[in-house]
Structure formats: structure tokens, C-alpha cells
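# Notes for the structure review
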Amino acid sequence: MKVLLSHPERSVDIKGPKRAKEVLRELNLVQEAHLVIRGDELITEDELLKDDDLVEIRPVISGGSQRLTLHGSRFTS
Amino acid sequence: MNCTKCKTKAVIDLPRHNAAFCTPCFTTYVHEQVAYAIKHQRMFGPDDRILVAVSGGKDSLALWDILLKRGYKADALYVDLGIPGYSAKSRAKVERFADTVAKPHGATLQIHTVQEEEGAGIKELSDLVHRPTCATCGTIKRYQFNKAAVEQDYDVMATGHNLDDEASRLLGNILHWQDEYLDKQSPILPASVEGFAKKVKPLYRLSERELAAYAVLNKIDYIVEECPMAKGSKMLLYKEVLNRLETESPGTKHRFYWGFLEKQTQAQPAATSMAEKDQALLHPCKTCGQPTTGEICSYCKMMARAHLAR
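Below: a short report on this structure. (Residues numbered from 1 in each chain as written. Chains lettered and ligands numbered in written order. Predicted model: local features only at pLDDT ≥ 70, side-chain atom pairs only at ≥ 80, totals over all residues. Heavy atoms only, no water.)

Take the overall build of chain A next. Scanning chain A for helices and strands turns up one helix and seven strands. Ordered by position from the N terminus, the helices and strands of chain A form the series β-β-β-α-β-β-β-β. Within the span of chain A, comprising 77 residues, buried residues form 58% of the whole. Taking all contacts inside chain A whose residues are at least 6 apart in sequence as the whole, residues at least 24 apart take part in 47%. Total accessible area on chain A stands at roughly 3600 Å², and carbon and sulfur atoms take up 47% of it. (Helix = DSSP H or I, 4+ residues; strand = E, 2+ residues; numbered from the N terminus. Buried < 20%, exposed > 50% of the residue type's maximum accessible area, 1.4 Å probe, protein only. Contact = heavy atoms within 4.5 Å. Areas by Shrake-Rupley, 256 points an atom, 1.4 Å probe, with all protein chains shown as cover.)

Pairs can form between side chains of opposite charge once their charged atoms are near each other. Scanning all chains against the criterion turns up 25 salt bridges over all chains. Its salt-bridge partner being Arg38(A), residue Glu47(A) comes within 3.1 Å of it at the nearest N-O pair. Exposure class is identical for Glu47(A) and Arg38(A). Each is buried. As a salt-bridge pair, Arg209(B) and Glu45(A) come within 3.5 Å of each other at their nearest N and O atoms. (Salt bridge = Lys/Arg side-chain N within 4 Å of Asp/Glu carboxyl O.)

It is worth spelling out the sheet that holds strand S4 (residues 73–80) of chain B at this point. Residue and element names in this part refer to chain B. The six strands lie next to each other as S5-S4-S3-S6-S8-S7, forming an open sheet whose pairing is mixed. Here the strands that pair on one side only, and so sit at the sheet edges, are strand S5 (109–113) and strand S7 (188–189). Contacting strand S3 (49–54), S4, S5, strand S6 (156–158) and strand S8 (199–200), helix H6 (residues 133–151) crosses the sheet at an angle of about 145° to S4. (Pairing = 2+ DSSP bridges. Axes fitted to C-alpha atoms, helices over the stretch in contact; angles between N-to-C directions.)

Here we come to the packing of aromatic side chains. All names here are of chain B. Scanning the entire structure with this criterion turns up seven aromatic pairs over all chains. Seen in terms of ring centroids, tyrosine 204 and tyrosine 257 are 6.3 Å apart; in terms of plane orientation they differ by 80°. Their pairing is edge-to-face. Of the two residues, tyrosine 204 sits in the loop between S8 and helix H8 (208–217) while tyrosine 257 sits in helix H10 (residues 252–267), which places them 53 residues apart along the sequence. Following the ring pairs from residue to residue traces out a cluster consisting of Phe21, Phe26 and Tyr29. Looking at arginine 49, its charged tip hangs above the ring of tyrosine 154, at a distance of 4.1 Å from the centre. Directly above the ring of tryptophan 258 sits arginine 205, whose terminal nitrogen or CZ lies 4.1 Å from the centroid. (Phe/Tyr/Trp six-rings, centres within 6.5 Å; stacked < 30°, edge-to-face > 60°. Lys NZ or Arg CZ within 6 Å of the ring centre and 35° of its normal.)

Residue and element names in this part refer to chain B. Between its terminal C-alpha atoms helix H7 (residues 163–175) stretches 18 Å, which fits the 18 Å expected from 13 residues at 1.5 Å a residue. Counting buried residues in H7 gives eleven out of 13 residues, a clear majority hidden from the surface. All of the buried residues in H7 are Leu163, Asp164, Asp165, Glu166, Ala167, Ser168, Arg169, Leu170, Leu171, Gly172 and Asn173. In this structure, the buried residues of H7 make contact with H8, helix H9 (234–248) and H10. Just downstream of H7, tryptophan 177 is the residue with a positive phi angle, here 45°. (Expected span 1.5 Å × (residues − 1).)

A separate point is the sheet that holds strand S5 (residues 41–42) of chain A. What links the strands of a sheet is backbone hydrogen bonding, and the strands pair in either a parallel or an antiparallel sense. Ordered by their spatial adjacency, five strands build an open sheet running S2-S1-S7-S4-S5 (chain A), and the pairing between neighbours is mixed. In this open sheet, the two strands that pair with only one neighbour each are strand S2 (10–13) and S5 of chain A. Examined bridge by bridge, strand S4 (residues 34–38) of chain A and strand S7 (residues 54–59) of chain A share five bridges and lie antiparallel to one another. Each residue of the ladder has a partner; that of Leu35(A), found in S7(A), is Arg58(A). Strands in contact with H8(B) are S4, S5 and S7 of chain A; relative to S4(A), the strand with the most contacts, it is inclined by about 25°.

The subject of this paragraph is unusual backbone geometry. The amide bond that connects Gly16(A) to the next residue, Pro17(A), takes the cis arrangement and shows omega of -5°. By secondary structure assignment, the location of Pro17(A) is in the loop between S2 and strand S3 (18–19). Not every positive phi belongs to a glycine, and Asn28(A) is a case in point at roughly 60°. Tracing the backbone through its elements, the reader meets Asn28(A) in the loop between helix H1 (20–26) and S4. Look at Lys7(B): it is not a glycine, yet its phi comes out positive at around 70°. For Lys7(B), a relative accessible area of 57% corresponds to the exposed category.

Have a look at this one:
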């Protein structure tokens, strides 16, 4: 299957069938920091991915440096 | 895996709640978490005017979306920092959301362009004042969001800070024993002195992964790529560490941050003490009138240095 990754944008081929959580493990990615999207559908970690699936693993972490000031730090997400 | 509530096919599993949800039940879960946060922390009421700080990212657009769908009067402000290759994309996402989602609810978007108002983009300004870009960005955003909320009589300013933001910030403060900042870690900062808008964080009960999932499932088109200025930041490292702990031991992040909030409440009535401290420390900036601890606020000092350096 073709797996699209970000930061930097790239794609890798992974042999299926494999469960989403196994694909994350193979790529050394933490579940809590990623979403797995097949086509345009969000899927759970136990979903079986096949060779002809197009999969996007989307990172969810954002945020710059935190400057700690009197009235809080950063105000936007 | 099936939805814990309605038993249809699930689209997301939430190990920290030992649950999984389909799209409608997950959307309900997210809305309920925000509703609980607003009520429990007494953030605002149904008639209050809210100014949402939006960036084009998943959290702030999800927040604007949720508030509008729950019937709140929520306008938004976007600060265009002029970051090459990034600001134009994030601004386009915000403008598209404003046109397609916010406008039908009667809500408006305001845009503050740093290049036009301050005479230079964020990178040039940070070079001129010899400060890190993220610090310069923080000063400008805090100043402009507060100014807009106060000048336009909004009752409250809302930001998209999520559970990961708050837990990682708490970790950073504790690692460096910056305990003087801990009472500012509340999801609600009162309008303690004249010139300070009340600030709230309605998403503090939701993780980044949950908010990204909400955005995907509700077809909110947000900017996925990271701000190029944030690369290598300490906060990203703290978030990574917490996410490793969370994966091994689900619930770590919310136990850490919510536990802190509970202890803070037990220790002292935070809002009162914070307001008292602010009233003792702050007075109007001699240049612009916004509250500051010194004679001149950090924004005005920074702009004066930038003008001198040109």
C-alpha cells in the first residue's frame, strides 16, 4: 500500500495486509500523535489495510516555542 | 471496532476514555467536552460576544466551528505574520472557513496584517530586535488580540489551546521550576485590570488528536503543515515526550493537567488571587495604555527598537 507522510511530505510503500496500528509501529510512529486516514475516511487502529489502499498518516502536533509571560503564553493554536 | 455508544462502526478510538466512537457520537462527545468546560469554568454565557483568535490550524478553526454551531456570538481575528510560504496559506484557510461556515451564522472575520501595521514581517522584526521569532510572534499576537477585544467591547477572548498545549506548558514550567507562572495556567484568565480582556480556553479538555479528528470528520479545511518558525521548539519536544507516556499509559496527560487544576483550586481561589496580584503589579503603558508591569509595555518597547534599528 502507498502511505503518505508529512513533515517532510513523502510517500512509502508498505506490504499489506496489515492493521493500522502495525503500520504505525513499523514506521516508528506514536498513535497519540497521528491520525490514520484511508482514502478520505478516518479509521481506527484495528482496521485492516490492504495493498491497494491509499493511506495518509497525518501528524496532529502543532505549536511553537512557549514564551512564558505575565498574562499567559501563546494565544493562538 | 464498534462505537461504544451506538454500536455502529467506529472511526476513532480514544484509549484515555477506553472508548471508540462513530462520527455523530464523536462530534457529540467533542461538543459535550466544550460545553462542560464553558459551564464548569464559567467562561461565558449565551449572550456574551466572543472574539476567537484564529490561526488557520485545526484547534482554532474547530473552536470557531463548535462555538458557532452551539449558537454563540463568535467573531474571529487572524493576525497575518507575513511568514514566507506559510502565512498566505493559513490566511486562505481562515478566509475560506469564514466565507463558507462563519458567514451563514452571521459571524465576521477581522484580519490584522503585521507587514501593513508594523511596517515589516515577523522575520524582519525579530531580526531587528534580536529576539527569537516565536517570542516576537507571541508578543504581537497577545497584544493585538487583547487590543481588538478591549477596543471592540468583546466580553471575552477565546483561544484554541488544547490539553496537549496546557500539559506540555505545565511540564515545561515544572521542569524549570517556574512556579510564578503556574497560577496563569488556568483555562480562564479574568479581566483583572482595565485594559485586559477576559481570556478563556474552551478546548482544554480535548487532545490534539481528538481536535484533528474533529476537523477531519467535520470537513474543516485546516493547515496541516507546521509553522516553519516552530521547528525544534522545546514545546514540541515536551509534547512528544508526553505522547510517548500517553501511548504507554492512556490518560496520563489529562490526569497531569486536570490534577494540577484540582490542586490549584483546593490551594487557593485562583481567580481572586490572580486578579489581586495583577491589580498590585500592573498599570497603563505610557505609550499605548495597555496594562504592563514596567513604564512601557513589551510590545511598544519592541516596536521602538525596531524603528530605531531601521
